[in-house]
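One-letter residues, chain by chain:
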Amino acid sequence: MAEPTPADRFRAAVDSRDLAALAELLTEDVRLYSPVKFRPFEGKAMVMGLFGVLVRLFEDIRYIGRYDGTCETSADGKEAPSAVLPFRVTVSGRQVHGLDLLHFTEDGLIKEITVMVRPQSAVQALGGAVLAGLAAEGLVPAEQS
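Criteria and thresholds
Residues numbered from 1 in each chain as written. Predicted model: local features only at pLDDT ≥ 70, side-chain atom pairs only at ≥ 80, totals over all residues. Heavy atoms only, no water. Core = buried A, V, L, I, M, F, W, Y, C linked by side-chain atoms within 4.5 Å. Buried < 20%, exposed > 50% of the residue type's maximum accessible area, 1.4 Å probe, protein only. Helix = DSSP H or I, 4+ residues; strand = E, 2+ residues; numbered from the N terminus. Contact = heavy atoms within 4.5 Å. Phe/Tyr/Trp six-rings, centres within 6.5 Å; stacked < 30°, edge-to-face > 60°. Polar contact = N/O pair within 3.5 Å; in protein donor to acceptor, adjacent residues only side chain to side chain. Axes fitted to C-alpha atoms, helices over the stretch in contact; angles between N-to-C directions. Parallel < 35°, antiparallel > 145°, perpendicular 65-115°, else oblique. Left-handed = near helix turned anticlockwise from the far one by under 90°. Nonpolar A, V, L, I, M, F, W, Y, C, P; charged D, E, K, R; others polar.

(A) Representation of the nonpolar core in the model. Core analysis: the largest hydrophobic core is formed by 41 residues, its most contacted members being Phe10, Leu22, Leu32, Phe51, Ile110, Ile113 and Leu134. Broken down by element, the residue count for this core peaks at seven residues, all from helix H4 (residues 120-136). Once residues lying within four places of it in the same chain are set aside, the contact partners of Phe10 are Leu22, Leu25, Phe51, Tyr63, Leu85, Asp100, Leu102, Ile110 and Ile113.

Given below as structure tokens:
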């Protein structure tokens, strides 16, 4: 049996809502580009705070595929091993479709994540709930929520 890829380990951690396993997969300087905020979430502590909020918001999440390859990262413009994980999730009774684009270091840690979500109404609803959750955790100023 083949050893799980970094994308497999990410998917398993999200599926099981295992925040500790998820944290082990991230670089200390990870960046997450979100559809709900113009600037990226930067650093493991902030990204893990975001994942903590998402675990509470998501009624379910189901990954429906995986595409592997390489892609240029936003941070340094260099190509890195990458995977795209399309997903479906329910948030506040609404079906949301999305993609997680993961960029990996050579040793298999995640250094950058880009999340795309549709439809626009879901992005707006999710954005408000995420920012309120981050403000409640003290991770962003309350005026941003």
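(B) Spatial organisation of the packing of aromatic side chains. A full pass over the atoms with the stated rule returns three aromatic pairs. Consider the rings of Phe10 and Phe51, whose centres lie 6.3 Å apart with planes at 65°: the pair is edge-to-face. Remark: Phe51 occurs in helix H3 (residues 44-57) and Phe10 occurs in helix H1 (residues 6-15); sequence separation between them is 41 residues. For the pair Phe10 and Tyr63, a centre-to-centre distance of 6.5 Å together with 65° between the ring planes defines the contact as edge-to-face. Placement of the pair is Phe10 in helix H1 and Tyr63 in strand S3 (residues 58-63), with a sequence separation of 53 residues. Among the aromatic residues, those joined into a cluster by ring pairs are Phe10, Phe51, Tyr63 and Phe87.

(C) Up close: the side chain of Thr73. Summarising the element assignment, Thr73 is placed in the loop between strand S4 (67-72) and strand S5 (79-91). A polar atom in the side chain of Thr73 sits 2.4 Å from the side chain of Asp76. If we ignore the near neighbours within four places in the chain, the residues touching Thr73 are Lys78, Ala80, His103, Lys111 and Glu112.

(D) Focus on the packing of H3 against H4. For the pair H3 and H4, interaxial distance at closest approach is 9 Å and the crossing angle is 120°. The angle between the axes of H3 and H4 places the two elements in the oblique class. For H3 against H4, the interelement crossing comes out right-handed. Where H3 abuts H4, its residues Gly49, Leu50, Val53, Leu54 and Leu57 lie against Leu126, Ala129, Val130, Gly133 and Leu134. Split by residue class, the contact of H3 with H4 holds eight nonpolar, two polar and no charged.

(E) Summary view of the environment of Ser82. Inspection of the secondary structure assignment puts Ser82 in strand S5. Since its relative accessible area comes to 6%, Ser82 is described here as buried. Note: C-alpha distance between Ser82 and Glu72 (10 residues apart in sequence) is 8.9 Å. For Ser82, the contacting residues outside a window of four places in its chain are Tyr67, Asp68, Gly69, Thr70, Cys71, Leu101, Leu102, His103 and Phe104. A distance of 3.4 Å separates a polar side-chain atom of Ser82 from the backbone nitrogen of Cys71.

(F) Looking closely at unusual backbone geometry. Of note, the bond from Arg118 into Pro119 is cis; its omega dihedral lies within 30 degrees of zero at -5°. Along the chain, Pro119 falls in the loop between strand S7 (110-118) and H4. If you check the backbone angles, Arg17 has positive phi at about 55° while not being a glycine. Residue placement: Arg17 occurs in the loop between H1 and helix H2 (19-24). Look at Arg17 and you get partly exposed, because its relative accessible area is 33%. At Ser92, a position not held by glycine, the phi torsion is positive, near 50°. Mapping Ser92 onto the fold places it in the loop between S5 and strand S6 (94-104). Taking the relative accessible area as the measure of exposure, Ser92 reaches 63% and is therefore exposed.

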